[in-house]
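# Coordinate analysis (summary)
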Amino acid sequence: MVLGFLALALGTLQSVVEPALPLLQRELGVSPAEGALVANTLLVTGAVLTPVVGKLGDRYGGRRVMVWLMAVVSAGGLLAAIAPSLPVLLLGQLLQGAMVGALPLSFILVRRHLPTGRSQAAIGVVVSLFTGGGMIGTLIAGPIAELLSWQWMFAVPTIAVGAATLAVIRVMPDDEPTGSEGPIDWPGVVLLSATLLALMVGLVSVTSAALPPFAIGLLALLVAALATGWVAVERRAPAPMVDLQMLAQPTMWQGAVLTLVITISFGMVVFLLPQLFAVSGAGYGFAAGTTMIGLFLLPGAVAGALSDSVGGLAARRFGSRTVAVVGIVVMALTMFSLAVYHDAAWLLVGAKVLTAVAAGMGTTALLAGTATAVEAKDTGIATSLLVVTRVIGIAIGVQVAGAILAAGTDPVTELPSESAFVTGFVVAGLVAGLSLLAVRGSTKGSQA
């Protein structure tokens, strides 16, 4: 119960930025690509910290690590709430990104306190409440920003996070650590964190800073070198941060591939739809304010929360790979349709509902399947890697969509052209559709 309350509060804090992105761009005087950076700063921290947090939770107990993590999140929320400028807001978002680590910590607690059958359903409930928080954040962001200020969008859910953390401290029993298998693999921790940081910063830089090919090549080489060094360290470590044999299991690598593809497409949807609602172009767009954008996005948030809650059950019934592939097909068809038909608000609302259901069921099914397929001692790190894959996928999608709109912005009107939105929807559909080639050779019906 308290884990659900905490997930709800965290989801609210994470989601207030989405409907308010056009408002923040106007208030801070930034471009769509820079607006994407505001959303992705949170994801950078989440990608870097989540595997470390998951491993620490496996070793020292999920409840203990959760409390410390929420202290960092609360500090970030308060900093964003008093932010006078973009750099301070970005720093607050950076600290708030630690919230992503709460999901694998919750999965650790669920796995240790519930039997396997109930664990899959409980994981779906936790994820659905996190998504449900997104529904609340989407709904309250506009009214709070317009009646008070955009800073209060961060203050209100941060207070809720603090209250939920106190409830965890008072109600949630301590979970027994798995015990130490040796010293912490700090070289592995540092190298994996550096790899993810270089990857996330590189993604943001490539799509928002118009880097020359030479610089892009250097970034790619840096990421490859760090990843190679990390693998070499893990092979020799007596107690590696990540068991590479576990990582090579079909459950893990197929789950990671499918999760990445689904979230890239969904990340593009998350960015493109609010921008199209807000823009007022010649024959396209709806000139919607923050509150109206939140109302337009609300059905999708509701649908996403409901789909997350049944994702674990669907994985148990049909297999997580099957659920994910169906979600990919739905997303591809929806994006191609939206590229042609986007002149009515209800079409965009319906597209958000369909993609939210497809992404929610698919990624939650993959998480639930992975959490119960690996050994209990590896629950935190295994699910952390999938959560990080979700973060990276959404970050890629948001930044690519932001770059497409920036490239298609009219220098006179300073508005993205209709063709830029069409291009974004087509690219999102192609990413989803072509991804089926990546899983074509895997065993039909296997649980990924």
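Since the model is a prediction, treat every value here as computed from it, not as a measurement.

Interaxial distance between helix α12 (residues 250-278) and helix α14 (residues 320-340) falls to 10 Å at its minimum, and their mutual angle equals 30°. Of the possible angle classes, the one that applies to α12 and α14 is roughly parallel. Both α12 and α14 take part in a crossing whose hand is left-handed. On α14, the residues that touch Gln254, Leu258, Val261, Ile262, Ser265, Phe266, Val269 and Leu273 of α12 are Arg321, Ala324, Ile328, Met331, Met335 and Leu338.

Residues Leu89, Leu90, Gly92, Gln93 and Gln96 constitute the buried set of helix α5 (residues 86-96). Viewed end-on, α5 has its buried residues packed into an arc of 160°, placing them on one side of the element.

Across the interface, helix α4 (residues 62-81) lies against α5 with an axial gap of 7 Å and an inter-helix angle of 160°. The angle between the axes of α4 and α5 places the two elements in the roughly antiparallel class. Crossing geometry of α4 relative to α5 is assigned as left-handed. Within the contact between the two elements, α4 uses Val72, Val73, Ala75, Gly76, Gly77, Leu79 and Ala80 and α5 uses Val88, Leu89, Leu91, Gly92, Leu95 and Gln96.

Moving on, we get to the nonpolar core. With 97 residues, the main nonpolar core has Leu10, Met70, Trp150, Met153, Phe154, Phe277 and Phe425 as its most contacted residues. Residues within four places of Phe154 in sequence aside, it is in contact with Leu13, Val16, Val17, Gly77, Ala80, Ala81, Leu89, Gln93 and Gln96. Of all hydrophobic cores here, the second largest spans 14 residues; its members include Leu258, Met331, Ala356 and Ala359.

Inspection of every chain in the model, using the stated rule, returns three aromatic pairs. With 5.9 Å between their ring centres and 50° between their planes, Phe277 and Phe286 make a pair best called tilted. A residue is classified by how much of its surface remains accessible, and Phe277, at 1% relative accessible area, is buried. Cluster of aromatic residues (ring-pair linked, three or more members): Phe277, Phe286 and Phe296.

Attention now goes to the confidence of the model for the chain. With 81% of its residues at a pLDDT of 70 or more, the chain has an overall mean of 77. When the criterion is pLDDT under 50, residues 441-448 qualifies, and its contacts beyond four places in sequence or with other chains add up to 20 contacts.

This paragraph deals with a nonpolar patch on the surface. On the surface, Phe336, Val426, Leu430, Leu434 and Leu437 cluster together into a nonpolar patch covering about 440 Å² of accessible area. Element by element, the count of residues in the nonpolar patch is highest for helix α17 (residues 418-434), at three residues. With respect to the helices, strands and loops of the structure, Phe336 is situated in helix α14. We classify Phe336 as partly exposed; its relative accessible area is 34%.

Here the largest pocket defines a volume of roughly 540 Å³. Residue lining of the largest pocket: 19 residues in total, with Leu192, Leu196, Leu385, Thr389 and Ile392 positioned closest to the centre. Where the lining of the largest pocket is concerned, the elements lending two or more residues are α9 (186-208), α10 (213-236), α12 and α16 (379-407). At six residues, α16 tops the list of elements feeding residues into the lining of the largest pocket. Partitioned by chemical class, the residues of the lining of the largest pocket number 17 nonpolar, two polar and no charged.

With that settled, the discussion passes to unusual backbone geometry. Excluding glycine, most residues fall at negative phi; most peptide bonds, likewise, are trans. You will see that Ala287, though not glycine, has its phi angle at about 50°, which is positive. The topology assignment puts Ala287 in the loop between α12 and α13 (290-318).

Reading guide: rules and limits
- Residues numbered from 1 in each chain as written.
- Predicted model: local features only at pLDDT ≥ 70, side-chain atom pairs only at ≥ 80, totals over all residues.
- Heavy atoms only, no water.
- Axes fitted to C-alpha atoms, helices over the stretch in contact; angles between N-to-C directions.
- Helix = DSSP H or I, 4+ residues; strand = E, 2+ residues; numbered from the N terminus.
- Parallel < 35°, antiparallel > 145°, perpendicular 65-115°, else oblique.
- Left-handed = near helix turned anticlockwise from the far one by under 90°.
- Contact = heavy atoms within 4.5 Å.
- Buried < 20%, exposed > 50% of the residue type's maximum accessible area, 1.4 Å probe, protein only.
- Arc of directions from axis to C-beta.
- Core = buried A, V, L, I, M, F, W, Y, C linked by side-chain atoms within 4.5 Å.
- Phe/Tyr/Trp six-rings, centres within 6.5 Å; stacked < 30°, edge-to-face > 60°.
- pLDDT = per-residue confidence, 0-100.
- Patch = residues over 30% accessible without salt bridge, like charges linked within 9 Å, V, L, I, M, F, W, Y side chains within 5 Å.
- Areas by Shrake-Rupley, 256 points an atom, 1.4 Å probe, with all protein chains shown as cover.
- Salt bridge = Lys/Arg side-chain N within 4 Å of Asp/Glu carboxyl O.
- 1 Å grid on protein atoms, 1.4 Å probe; cavity = no way out; pocket = protein on both sides within 12 Å on 5 of 7 lines; lining within 4 Å.
- Points joined across faces, edges and corners; volume = space filled by probe spheres on them.
- Nonpolar A, V, L, I, M, F, W, Y, C, P; charged D, E, K, R; others polar.

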